[in-house]
Amino acid sequence: MKDATLQASHADLANAIRFLSADAVEKAASGHPGMPMGMADVATVLFTRELKYDAAASHWPDRDRFVLSAGHGSMLLYSLMYLTGYPDITQEQIKNFRQFGSRTAGHPEHGHASAAETTTGPLGQGLANAVGMALAERLLAARFGADVVDHRTWVIAGDGCLMEGISHEAISLAGHLKLHKLTVLFDDNHISIDGPTDLTTSDDQRKRFEASGWHTLAVDGHDPVAIAAALKTARTSDCPTMIACRTTIGFGAPKLAGTAKTHGSPLGAEEIEGARRALGWTSAPFEVPEEVLATWREAGAKGADAHAAWRQRVASLAPALKAEFDRLMTGDLPKGWEDAILAVKRKASAEVPKVATRQSSQTVLEALTPLIPEMIGGSADLTGSNNTKTANLKPITASDFSGRYVYYGVREHGMAAAMNGMALHGGIIPYGGTFLVFTDYCRPSIRLSALMGQRVIYVMTHDSIGLGEDGPTHQPVEHLAALRAIPNLLVMRPCDTVETAECWAIALNEKHRPSVIALSRQALPTLRTTHTDVNLAAKGGYVLQEADGTRAVTLLATGSEVMVAVEARTKLAAEGISAAVVSLPSWELFDAQSETYRREVLGACARVAVEAASPFGWSKYVGSRGGVVAMPGFGASAPAPVLYKHFGITSDAVVAMVKAKL
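This is a predicted model, so every value here is computed, not measured.

Quick look at the sheet that holds strand S2 (residues 153–158) now. Taken in spatial order, the five strands make up an open sheet running S1-S2-S3-S7-S6, and their pairing is parallel. Sheet topology places strand S1 (65–68) and strand S6 (215–220) at the edges, where each strand pairs with a single neighbour. Each strand of the sheet is rotated relative to its neighbour by a mean of 20 degrees, with strand direction disregarded. In this sheet, strand S7 (residues 241–246) lies alongside S6 in parallel orientation, the contact comprising six bridges.

In structure tokens, the structure reads:
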């Protein structure tokens, strides 16, 4: 078949993808050729007929989003990018697939390849990110109108993506919100690494999606006419659409097509040559016939007119509205928002409230959300506990996207991944809450937030045994250490309302790093009673109370245990031991300070740390002369004061540790 608008046939266009992919994997001696070969027909129809994009302007805000959730098939994306003319993916990049320093990483990495809308590879993540992208489109369209924001989100997902538990959360949320501009193209090839999928699953995926409120279709994934018809039908749906594309993995490979052997290994020279003969592809490795490449480049350029028209529409907006849209797209914060932070700090220092830092966080949010309209909040069914909803945030619903608060339900992992998608889309600063212990459910997405450098803010409350009676299943012990181990993740644990305000300011200013703000359930006294405009927490650690006279010991603490350190300082002073108290809300920020500053804060003396969590990691601060008062294991079910006494997270324990070290 030959499309009337194209010079080359559909088969030739699809085969260009197949053989660029197979040849690149062969040269790299590693990779996944089967999926690109199997989904080449679907991708060809999508990129030549339906996808709104401009290969010369990969960051056009109103482009359609294409997410390769089945990220192991990365050569599908790289082949498409080269063929359609994305400047950053050249033939040399294709030849250097999976090599150090190339843009063509083993799995698509956001920021490496310009068309990689998100980093995929951990299966199901891309699908869940796409839900966030589709939601962001609806939110921004409600605010700026369809002349400015009107695009679709397309996903290629495989059997593995749909087996992962996160897919259920993502599918359910998308169906509930009727994100009708979201279309999932399911690579229904019946193969996973272990072999045929009937070894592991009997799910009827269409019925599964339909049960969550999706429209579903099924097509022959190698029939371009049927594929095109299904894509057009998806455009008319009032709910998200899943198209099950029945494909043959490794399509064209004479001996291995349809088998798991094509999934994650090079085909071998003989098999590739056999595929060339079977599909009538006569070009040498990495070569694309001029007519085929020209046709692909035409497809990549045809969105330029739509892009230019969009730019004219944006230019004609009222100046204030245009300025606001541009601000959101660049990720800059509005002028004056930091005044709200200072006001919260000033009031707290004057009134010295004794409240849980989760309540302090809500106080800060009440001040910030009216000023920063791109802040979109939410909680995984713990709104009243996380204190994430403010008075001016109305719910987002399937019938009204003018709201700014997502009721995510008990979908912690889906929430985290959707927030990644919203941040990646642009124009949104997402924050969402659950209990700190449930970062275990969110962790894969939190890690990807950090890997991609996205401004996603995780509001994690009930951060220690201080939550009390819910017991060890809900009391985080190892979680702070586990989160601190993730590169490029900012973990902050404020001690009072003042520090909480400062931590929110830090998180908002971090354009290229996610933040976890760990907050207490129990009430904490205000320790910062003298106001300063300076954000002391921004250095990660600082001297909260200096020693009287020559410092004999430095007491280090975070969050709710800073109060314990302050009490210990008073008791030590009564015994003639001069102690300084250092609040260390963020290890990452403190470690980034100069060695001189860190030495000044820590002091050339004995050091004792106290934290109601695992002691893991504290040794780098306390050194060989110091000690750590921390949790010896899991918690227990009892009121918080009982637990602190039982586990020895007390000022008396700190005093005893200091005496032992001195």
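Moving on from the model shown.
In terms of nonpolar packing, the biggest core is built from 71 residues, with Leu135, Leu179, Leu182 and Met422 touching the most fellow members. When residues in this core are grouped by element, the largest group, 12 residues, is from helix H5 (residues 125–144). Beyond its immediate stretch of four places on either side in the chain, Leu135 contacts Leu177, Leu179, Ile396, Phe401, Val406 and Met422. Counting 60 residues, the second-largest nonpolar core is a separate cluster that includes Leu20, Phe47, Ala228 and Leu231.

This part takes up the sheet that holds strand S18 (residues 579–583). Pairing between sheet strands relies on hydrogen bonds along the backbone, with the strands arranged either parallel or antiparallel. Read across the open sheet, the five strands follow the order S16-S18-S17-S19-S20; overall the sheet is mixed. One side of each edge strand has no neighbouring strand; the edge strands of this open sheet are strand S16 (542–545) and strand S20 (627–629). Averaged over all pairs of adjacent strands, the angle between their axes in this sheet comes to 30 degrees, without regard to strand direction. In this structure, strand S17 (residues 553–557) lies alongside S18, joined through five bridges in parallel fashion.

Position of Ser79 among the secondary structure elements: in helix H3 (residues 74–84). We classify Ser79 as buried; its relative accessible area is 0%. Within the structure, Ser79 has its side chain in polar contact with the backbone oxygen of Met75 (distance 2.7 Å). Each residue touching Ser79, except ones within four places of it in the same chain, is listed here: Ile17, Leu20, Ser21 and Ile94.

By secondary structure assignment, the location of Glu588 is in helix H22 (residues 587–591). Lacking a salt bridge, the buried Glu588 has Arg484 as its closest oppositely charged neighbour, with an N-O distance of 5.2 Å. Leave out the neighbours within four places in its chain, and Glu588 touches Arg484, Leu489, Leu490, Val491 and Arg513.

A few words on helix H26 (residues 651–661). Residues three or four positions apart in an α-helix share a direction because the helix packs 3.6 residues into each turn. Within the span of H26, buried status applies to Ser651, Val654, Val655 and Val658. Looking straight down H26, one finds its buried side chains confined to an arc of 100 degrees; they lie on one side. Each element contacted by the buried residues of H26 is listed here: S17, helix H21 (561–574), strand S19 (606–610) and S20.

Definitions and cut-offs
- Residues numbered from 1 in each chain as written.
- Predicted model: local features only at pLDDT ≥ 70, side-chain atom pairs only at ≥ 80, totals over all residues.
- Heavy atoms only, no water.
- Pairing = 2+ DSSP bridges.
- Helix = DSSP H or I, 4+ residues; strand = E, 2+ residues; numbered from the N terminus.
- Axes fitted to C-alpha atoms, helices over the stretch in contact; angles between N-to-C directions.
- Core = buried A, V, L, I, M, F, W, Y, C linked by side-chain atoms within 4.5 Å.
- Buried < 20%, exposed > 50% of the residue type's maximum accessible area, 1.4 Å probe, protein only.
- Contact = heavy atoms within 4.5 Å.
- Polar contact = N/O pair within 3.5 Å; in protein donor to acceptor, adjacent residues only side chain to side chain.
- Lys, Arg positive; Asp, Glu negative; His and termini not counted.
- Salt bridge = Lys/Arg side-chain N within 4 Å of Asp/Glu carboxyl O.
- Arc of directions from axis to C-beta.

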